[in-house]
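Commentary on secondary and tertiary structure
Residue strings, one per chain:
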Amino acid sequence: MRLRLVKQNTNFDFFKRWKLWLGISGLMMVVAFVSFLLQGLNYGIDFRGGTTIRTESTQPVDIGVYREALAALELGDISITEVFDPQFEADQNVAMIRIEAQEGGEAVEGQLISDIGAALQAADPGLKLPFASVESVGPKVSGELIQTAVIAVVLAIGAVLIYIWLRFEWQFAAGAVLALVHDVILTIGVFSELQIRFDLAIIAALLTIVGYSLNDTVVVFDRVRENLRKYKKRPLNEVLNISINETLSRTFMTSVTTLLALIALFVLGGDVIRGFVFAMIWGVIVGTYSSIFVASAALLYLGVKRDWSKPDANSGNQYANIDPKP
């Protein structure tokens, strides 16, 4: 017996209230943008600057004990990560401790490094001093990281715009990019609203969300183009409904299986990747929503060439009629 989360032949009318869906999406984007302007983001050490300390111990690293030992020093935002490497010796236990920039200076001062070492050694007698390495990231470098992160996200969306334009038509490209911008803004907005730590791992999650959301959108758009050739006389909203219903099972199953893996990581993966996984879970949900209710609704609003079997002087380019490889 085959398991089906979505029945085989669905006939949902996704565009009965397509203006309402676009309005809700627009309102959520405005709320996210206002939250970003009013509250900003809770930047992590990567973006605020700080100090990274690499520790080595002959005893197993207990992150909870380390965190408790450093709590008395009131160092602010601290991130502790255990490092694993197959080349480590049996009694070589390594951890990375990240401490935010302290008030009045870019990095943790030498005396404070000594205090940190003493506090950790009291909790872990096997800790080796001096530390294996101490590195600081200043505000200037942090500012460059923010700039680079923004450029990376913008370039990714720009590349998507060019690809979809070459692959389909400009109306498809506009719909896909609108959906991606929607996903990125809502993800940044939820991090601003909940004040969850925003670091380089979240930038990686944003780029992954762009790729995931685009994959869903392209699957729907490919089916739309096929059906535009097949149903030349039907209204565009009916063709879009048929296309989304035909791909609904695939879209739903892909999202559910991805979410199952991400939820397992969120519960069992620990603090180190929890922010990244939360961003991915949120991104998969809004990405699935936007591929149907934003990208396709935008396509309905903009209109599209109906007969793809004939060359169109107004089409985007010479690649628009290339069929996808099976």
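Only a predicted model underlies this, so the values are computations on that prediction, with no experimental measurement involved.

1. Topic: unusual backbone geometry
- The linkage connecting L129 with the following residue, P130, adopts the cis geometry, with an omega of 0°.
- Mapped onto the fold, P130 is located in the loop between helix 4 (110–123) and strand 5 (133–137).
- If you check the backbone angles, Q195 has positive phi at about 55° while not being a glycine.

2. Observations concerning the sheet that holds strand 5
- Judged by pairing direction, the sheet is antiparallel, and its four strands sit side by side in the order 3-4-2-5 without closing on themselves. Where the open sheet ends on each side, the last strands, each with one partner, are strand 3 (78–83) and strand 5. For this sheet, the mean inter-axis angle between neighbouring strands, taken without regard to orientation, is 15°.
- Helix 3 (residues 63–71) contacts strand 2 (50–57), strand 3 and strand 4 (93–100) of the sheet and is inclined by roughly 150° relative to strand 3.
- The strands touched by helix 4 are strand 2, strand 4 and strand 5; relative to strand 2, the strand with the most contacts, the crossing angle is about 35°.

3. Some details on the packing of helix 3 against helix 4
- Where helix 3 meets helix 4, the closest approach of the two axes is 9 Å, and the angle between their N-to-C directions is 135°. It follows that helix 3 is oblique to helix 4 by the angle criterion. In the packing of helix 3 onto helix 4, the handedness of the crossing is right-handed. When helix 3 is examined against helix 4, the residues V65, Y66, A69 and L70 are found in contact with a partner set consisting of I116, A119, L120 and A123.

4. Details of a nonpolar patch on the surface
- Taken together, the side chains of V30, F33, V34, F36, L37 and L38 make up a nonpolar region of the molecular surface, amounting to roughly 600 Å² of accessible area.
- Position of L38 among the secondary structure elements: in helix 1 (residues 18–39).
- Residue classification places L38 among the exposed positions, given a relative accessible area of 70%.

5. Brief notes about the nonpolar core
- Counting 55 residues, the largest nonpolar core has F15, I164, F172 and F198 as its most contacted members.
- Taken together, the elements giving at least two residues each to this core come down to helix 5 (139–167), helix 6 (170–194), helix 7 (200–230), helix 8 (236–268), helix 9 (271–293) and helix 10 (295–302).
- For this core, the element with the most residues is helix 7, which contributes 13 residues.
- For I164, the residues in contact, after removing those within four places along its chain, are E169, F172, A173, A176, L214 and V218.
- Core analysis: the next-biggest nonpolar cluster, separate from the first, contains 17 residues, V61, L70, I80 and I116 among them.

6. Things to note about the UniProt feature "transmembrane region" (unreviewed entry) in the chain
- Per the UniProt annotation, the sites labelled "transmembrane region" (unreviewed entry) are residues 20–38, 145–166, 173–194, 200–224, 252–270 and 276–302.
- For residues 20–38, the helix share is 100%, the strand share is 0%, and the end-to-end C-alpha distance is 27 Å.
- Each end of residues 200–224 is marked by a C-alpha atom, and these two atoms are 36 Å apart; helix forms 100% of the span and strand 0%.

7. Re the pattern of salt bridges
- All chains considered together, the criterion is met by seven salt bridges.
- Ionic pairing is found between R225 and D222, a salt bridge with its closest N-O pair at 3.8 Å. Of this pair, R225 and D222 both sit in helix 7, three residues apart, which is roughly one turn of the helix.
- Across the salt bridge formed by R223 and E246, the nearest N and O atoms sit 3.1 Å from each other. Note that R223 is positioned in helix 7 and E246 in helix 8, a separation of 23 residues in sequence.
- Exposure remark for R223: the relative accessible area of 27% places this residue in the partly exposed category.

8. Things to note about the side chain of S296
- Turning to its location among the elements, S296 is positioned in helix 10.
- Classification of S296 as buried rests on a relative accessible area of 0%.
- If near-sequence neighbours (up to four positions away) are discounted, S296 is found in contact with F15, V220, F221, L240, I244 and S291.

Cut-offs used in this document
Residues numbered from 1 in each chain as written. Predicted model: local features only at pLDDT ≥ 70, side-chain atom pairs only at ≥ 80, totals over all residues. Heavy atoms only, no water. Helix = DSSP H or I, 4+ residues; strand = E, 2+ residues; numbered from the N terminus. Pairing = 2+ DSSP bridges. Axes fitted to C-alpha atoms, helices over the stretch in contact; angles between N-to-C directions. Contact = heavy atoms within 4.5 Å. Parallel < 35°, antiparallel > 145°, perpendicular 65-115°, else oblique. Left-handed = near helix turned anticlockwise from the far one by under 90°. Patch = residues over 30% accessible without salt bridge, like charges linked within 9 Å, V, L, I, M, F, W, Y side chains within 5 Å. Areas by Shrake-Rupley, 256 points an atom, 1.4 Å probe, with all protein chains shown as cover. Salt bridge = Lys/Arg side-chain N within 4 Å of Asp/Glu carboxyl O. Buried < 20%, exposed > 50% of the residue type's maximum accessible area, 1.4 Å probe, protein only. Core = buried A, V, L, I, M, F, W, Y, C linked by side-chain atoms within 4.5 Å. UniProt positions renumbered as here; feature names shortened; annotations may be inferred.

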